[in-house]
Amino acid sequence: MKKISELYQRDDWKKEKHVPVIELPEKKKAGEPLKVKVMVGKEISHPNTTEHYIQRIDIYFMPEDGKFPYRIGSFTFDTHGASTEGPDTSTIYTDPCIEVCFKTDKPGTVMATSYCNIHGLWTNEAELKFS
Ligand code: FE
């Protein structure tokens, strides 16, 4: 039996188009709102068609002294070109790119996961330190 922790894939986002890229602002202050940007396909575009797309991104924050991560947000990308005319006919597509704000007094790790409907689960992390 497979464990879900074994199914999260990771790689260098500059070479692998499924890896969620996490961008944090340069200046960060404890307790002040922090804007986090997460995208899939920053260096190499991921396909975005009715048949093959990024369905979801989830973002978590793990304080360095914490026991479990906090979920910051979950984002689904629901529009993939389909219409009543058939696959890839609407010309409307959601891109897997989001921005979200949160605040914390604690340094830690921002974690992101992405899900491709064909290539599964991917993950990445970024360290959060205050200036
Ligand atoms: Fe894929």
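Before going into details, it helps to say that this report is about the structure given with it. (Residues numbered from 1 in each chain as written. Predicted model: local features only at pLDDT ≥ 70, side-chain atom pairs only at ≥ 80, totals over all residues. Heavy atoms only, no water.)

1. Observations regarding the sheet that holds strand β2 (residues 34–40)
Taken in spatial order, the three strands line up as β1-β2-β5 in an open sheet, and their pairing is antiparallel. Only two strands of the sheet have a single neighbouring strand rather than two, namely β1 (20–23) and β5 (97–102). Each neighbouring strand pair of the sheet contributes to a mean axis angle of 20 degrees, computed without reference to strand direction. Bridging between β2 and β5 involves six bridges; their strand directions are antiparallel. Residue M39 lies in a different strand from β5, and its bridge partner there is C97. (Pairing = 2+ DSSP bridges. Helix = DSSP H or I, 4+ residues; strand = E, 2+ residues; numbered from the N terminus. Axes fitted to C-alpha atoms, helices over the stretch in contact; angles between N-to-C directions.)

2. Some details on the pattern of salt bridges
On inspection of all chains with the given rule, the structure shows six salt bridges. Close ionic contact of R10 with E125 constitutes a salt bridge, the shortest N to O distance being 2.8 Å. Of this pair, R10 sits in the segment before β1 while E125 sits in strand β7 (residues 120–128), placing them 115 residues apart in sequence. Residue E125 is classed as partly exposed on the basis of its relative accessible area of 33%. One salt bridge in this structure joins K42 and E23, with 2.4 Å as the shortest N-O distance. Within this pair, whereas K42 is found in the loop between β2 and β3 (54–63), its partner E23 is found in strand β1, the two being separated by 19 residues in sequence. K42 sits in the partly exposed class, given a relative accessible area of 41%. The class for E23 is partly exposed, based on a relative accessible area of 27%. (Salt bridge = Lys/Arg side-chain N within 4 Å of Asp/Glu carboxyl O. Buried < 20%, exposed > 50% of the residue type's maximum accessible area, 1.4 Å probe, protein only.)

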